[in-house]
Amino acid sequence: MGEWAGETVGPDVWETCRELIPAGSVFAFLAEHRGALFPAEMFADMYPSANGRPSMPPQILAAAITLQALHGLSDFETVQELRCDLRWKAACGLGLHDMAFDPSLLAYFRRRLSRSVRPNRVFEAVREVVKATGVLKGKHRRALDSTVLDDAVATQDTVTQLIAAVRAVIREVPGAAEVAAVQCTAHDYTDPGKPRIAWNDEQARAALVDALVTDALRLLGHLPDQQLGEKAANAVGLLALVAGQDVEPAEDSDGRDGRWRITQGTAPDRMVSTVDPESRHVHKTRTHQQDGYKAHLAIEPETGLYTAVALRPGAGAEHHEATVGLDLLADEESPVDAFGDTAYSAGGTCQALHQTGHRLFFKPAPLRPAVPGGFTLDDFAINTTAALVTCPAGHTVPLSDPGGQHHQRKAAFKDLCTGCPLRERCTKAKAGRILTIRPHHDLQAAARQAATDPEWQAEYRRWRPPVERAVAWLVQHGNRRLRYRGAIANNTWLHTRTAALNLRRLVNLGLTHTGGSWQLAPATA
């Protein structure tokens with residue numbers, strides 16, 4: 001691990017130009033307390049070998065990536081600031097004449113960080129400072145939300161993905177080039193561009209897709225039987241995925257004659273780019289779509305401090321807000337009041353959080369009546385313990401035992417709906433009204449009832465909106481668009497970004513380090 005080999009290059013900026021560094025800024029704070037926030041031993045496991053040329057001290061690089069994340073700069077822009085801006089030199093401990101380092105060193109440091117045992121150690125270091133100051137003591141509320149971050153790559157169409165995936169297999173898999181030369185005839189795969197066809201001709205496009213999929217399947221079917229390395233195996237898996245996600249058998253094909261066409265609609269969990277296979281189509285609303293990842297946040301609404309964050313792919317049940325929300329609250333030392341929108345109101349999530357003692361202010365999902373303006377589930381008297389359901393007209397039927405994939409119970413009124421005076425407000429089904437009761441019905445019904453309480457609504461209106469401000473802080477200065485590829489690298493960036501925002505907030509609250517401990521000393525008039 002790198003250590004100081006001698007004096008700084010030129011005069012120490014913090015010692016000679018202190019009055020030029022804005023007081024109360026993150027720059028001034030890092031210049032004075034960088035060593036306490038990022039001690040050398042914090043990074044010892046990232047540099048286990050004592051051999052070779054000493055690297056740039058990790059404390060300098062940690063300060064640099066923190067400022068980089070705070071200001072939303074590229075690696076090149078960051079190094080330019082380190083070379084030319086006194087504030088950056090002071091914050092990172094560089095001398096006045098220091099030319100810093102090559103921008104690639106930042107990428108090298110981030111890669112080491114993301115592959116280490118503690119990839120989020122910068123966030124953890126700032127979180128320990130938050131804990132030491134006691135700024136969150138007695139503050140028992142947490143607001144949850146998510147936002148879509150745009151990926152760093154171009155979305156690829158089906159033809160581009162197929163060609164790129166075939167080229168990757170040819171490049172990475174031993175013997176694949178020879179197989180492709182014999183089996184793949186739809187395109188010259190030494191050319192990364194698109195084939196030259198009449199793109200306004202629907203039949204020509206269909207013939208090209210059919211030929212490219214056929215090439216992909218022939219290549220996969222004729223590859224040598226061998227043990228593959230990680231890159232080669234990933235390339236083969238990627239080609240198999242691309243060859244199947246956007247196509248279906250041709251209109252008059254039974255699927256066995258090798259004729260294909262682009263499928264109608266979008267496949268669930270569709271990969272949008274072979275360059276970043278983890279990026280996905282993301283819908284925050286029915287009408288607005290983005291390609292990228294979701295950033296999940298938990299904040300303390302009074303101070304605006306981020307208490308937990310996570311970056312996940314934008315599609316899939318395991319990456320849904322209701323699932324990730326459990327992880328965001330997992331490290332809370334005591335029960336909290338959790339605030340969130342409808343996305344967090346899933347029954348399983350609410351039950352798990354209730355069992356750990358948290359008090360929930362999740363906006364319930366609205367019930368949809370079977371008939372517009374008619375009766376909803378809450379208009380029925382449902383006794384899950386006695387397994388009985390009574391409709392608004394007073395008819396009572398038994399509730400079935402749990403069954404099916406989701407362990408649902410059903411109550412069928414059937415002939416009781418015939419001639420019922422309330423039928424027009426209840427159902428249009430010829431067989432009568434059938435209610436489907438989910439496993440956590442009682443819990444969700446109680447949540448819907450609680451949400452009608454004016455005190456509940458007042459709490460929600462007061463403490464839920466601050467998380468929107470935290471989202472705005474996160475994405476400002478162009479940080480809506482990610483700079484890296486893959487969930488691991490971008491998750492590390494998200495933690496560094498929120499750590500920098502937390503540090504800025506603490507500095508504004510008067511953060512200082514005296515007597516070996518972190519304290520808040522607000523400025524006095």
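Bear in mind the structure is a predicted one, so any value in this text is a computation, not a measurement.

Thresholds, definitions, all that
- Residues numbered from 1 in each chain as written.
- Predicted model: local features only at pLDDT ≥ 70, side-chain atom pairs only at ≥ 80, totals over all residues.
- Heavy atoms only, no water.
- Helix = DSSP H or I, 4+ residues; strand = E, 2+ residues; numbered from the N terminus.
- Areas by Shrake-Rupley, 256 points an atom, 1.4 Å probe, with all protein chains shown as cover.
- Core = buried A, V, L, I, M, F, W, Y, C linked by side-chain atoms within 4.5 Å.
- Buried < 20%, exposed > 50% of the residue type's maximum accessible area, 1.4 Å probe, protein only.
- Contact = heavy atoms within 4.5 Å.
- 1 Å grid on protein atoms, 1.4 Å probe; cavity = no way out; pocket = protein on both sides within 12 Å on 5 of 7 lines; lining within 4 Å.
- Points joined across faces, edges and corners; volume = space filled by probe spheres on them.
- Nonpolar A, V, L, I, M, F, W, Y, C, P; charged D, E, K, R; others polar.
- Pairing = 2+ DSSP bridges.
- Axes fitted to C-alpha atoms, helices over the stretch in contact; angles between N-to-C directions.
- Right-handed = clockwise from strand over helix to strand, strands pointing away.
- Salt bridge = Lys/Arg side-chain N within 4 Å of Asp/Glu carboxyl O.
- Arc of directions from axis to C-beta.
- Polar contact = N/O pair within 3.5 Å; in protein donor to acceptor, adjacent residues only side chain to side chain.

*Asks:* Could you clarify how one ought to interpret the overall build of the chain in this entry?
*Replies:* When its secondary structure is counted, the chain shows 17 helices and 15 strands. When the accessible surface of the chain is split by element, carbon and sulfur atoms take 51% of a total near 26,700 Å².

*Asks:* Just checking my understanding: could you explain the nonpolar core for this structure?
*Replies:* Soluble globular proteins tend to pack their nonpolar side chains together in the buried interior. Core analysis: the largest hydrophobic core is formed by 81 residues, its most contacted members being Leu 30, Phe 38, Phe 101 and Phe 109. Setting aside residues no more than four positions away along its own chain, Leu 30 makes contact with Leu 37, Phe 38, Ala 63, Leu 67, Ala 91 and Leu 503. With 30 residues, the next largest nonpolar core counts Val 209, Leu 219, Leu 239 and Val 242 among its residues.

*Asks:* How do you make sense of the environment of Ile 163 when you look at a structure like this?
*Replies:* Take Ile 163: it is sitting in helix 8 (residues 158-172). In this structure Ile 163 comes out as buried when scored by relative accessible area, which is 2%. Remark: the alpha-carbon pair of Ile 163 and Asp 246, spanning 83 residues in sequence, is separated by 14 Å. Among residues more than four places away in sequence, those in contact with Ile 163 are His 187, Tyr 189, Asp 191, Pro 192, Gly 193, Lys 194, Pro 195 and Leu 212.

*Asks:* What should I look at first to understand empty space enclosed by the protein in this one?
*Replies:* Once rolled over the atoms, a probe with the size of a water molecule shows which space is left empty. Overall, the coordinates contain 2 cavities of 30 Å³ or more when judged by the stated rule. Lining the largest cavity are 13 residues, with Gln 68, Ala 69, Arg 110, Tyr 484 and Trp 493 sitting closest to its centre. When contributions to the lining of the largest cavity are tallied by element, the ones reaching two or more residues are helix 3 (58-71), helix 6 (104-114) and helix 17 (487-508). Among the residues forming the lining of the largest cavity, the class breakdown is 6 nonpolar, 5 polar and 2 charged.

*Asks:* In this structure, what is going on with the layout of surface pockets? I would like to understand it.
*Replies:* For the largest pocket, the calculated volume is near 1,300 Å³. If you go around the largest pocket, you meet 27 residues; those closest to its centre are Asn 234, Val 275, Pro 277, Arg 485 and Gly 486. Secondary-structure elements contributing two or more residues to the lining of the largest pocket are helix 6, helix 8, helix 11 (230-245) and helix 17. A per-class count over the lining of the largest pocket returns 11 nonpolar, 5 polar and 11 charged. Size it by volume and the second largest pocket reaches roughly 1,000 Å³. Going through the elements one at a time, helix 13 (347-355), strand 8 (359-362), strand 13 (434-437) and helix 14 (441-450) are the ones with two or more residues in the lining of the second largest pocket.

*Asks:* Could you clarify how one ought to interpret the sheet that holds strand 9 (residues 381-383) in this entry?
*Replies:* To summarise the sheet geometry, strands pair through backbone hydrogen bonds and adopt either a parallel or an antiparallel arrangement. Reading across the sheet, the 3 strands line up as 9-10-11 and stay open at both edges, with antiparallel pairing between neighbours. Either end of the sheet is taken by a strand with one partner, and the two such strands are strand 9 and strand 11 (396-398). On average, adjacent strands in this sheet sit at an angle of 15° to one another, irrespective of strand direction.

*Asks:* Before we go on, may I ask you to explain the pairing of strand 7 (residues 337-340) in this structure?
*Replies:* Where burial is concerned, the two faces of strand 7 agree: the one with Asp 337 and Phe 339 and the one with Ala 338 and Gly 340 are both buried. Where strand 1 (residues 141-150) and strand 7 come together, 3 bridges link them in parallel fashion. When the bridges of strand 7 are listed, Arg 141 appears paired with Asp 337. A crossover connection joins strand 7 to the parallel strand 8 through helix 13; in handedness this β-α-β unit is right-handed.

*Asks:* Mind showing me how you'd approach the pattern of salt bridges here?
*Replies:* Pairs can form between side chains of opposite charge whenever their charged atoms are close. This structure, assessed with the given rule, holds 17 salt bridges. A salt bridge links Arg 121 to Asp 45; its shortest N-O distance comes to 2.8 Å. Here Asp 45 lies in the loop between helix 2 (26-37) and helix 3 and Arg 121 lies in helix 7 (residues 121-133), a separation of 76 residues in the sequence. For Lys 294, the salt bridge identified is with Glu 321, shortest N-O distance 2.8 Å. Separated by 27 residues along the polypeptide, Lys 294 in strand 5 (residues 289-300) and Glu 321 in helix 12 (residues 321-328) bring together distant segments of the chain. For Glu 321, a relative accessible area of 4% gives the class buried. Taken together, the shared-partner salt bridges connect Asp 145, Asp 341, Arg 464 and Glu 468 into one network.

*Asks:* Would you explain the side chain of Ser 273 in this entry?
*Replies:* Tracing the backbone through its elements, the reader meets Ser 273 in the loop between strand 3 (260-262) and strand 4 (280-283). Beyond its immediate chain neighbours, meaning those up to four positions away, Ser 273 contacts Val 153, Ala 154, Gln 156 and Gln 161.

*Asks:* Would you explain unusual backbone geometry in this entry?
*Replies:* Although it is not a glycine, Ala 100 sits at a positive phi angle of roughly 65°. With respect to the helices, strands and loops of the structure, Ala 100 is situated in the loop between helix 5 (86-92) and helix 6. The class for Ala 100 is buried, based on a relative accessible area of 18%. The backbone phi angle of Ala 387 is positive, close to 60°, even though this residue is not glycine. The topology assignment puts Ala 387 in the loop between strand 9 and strand 10 (388-390). Judged by its relative accessible area of 18%, Ala 387 falls in the buried class.

*Asks:* How do you make sense of helix 15 (residues 454-463) when you look at a structure like this?
*Replies:* The α-helix advances 3.6 residues per turn, and as a result positions three or four apart in sequence lie on the same side. Where helix 15 is concerned, the buried positions are Trp 456, Tyr 460 and Trp 463. Along the axis of helix 15, the buried residues cluster in a sector spanning 90°; they form a single face. Facing away from the buried side of helix 15 by more than 90 degrees, the exposed set consists of Pro 454, Glu 455, Arg 461 and Arg 462. In this structure, the buried side of helix 15 is in contact with strand 1, strand 7, strand 8, helix 14 and helix 16 (466-475). The opening residue of helix 15 is Asp 453, an N-cap whose side-chain oxygen sits 3.1 Å from the backbone nitrogen of Glu 455.

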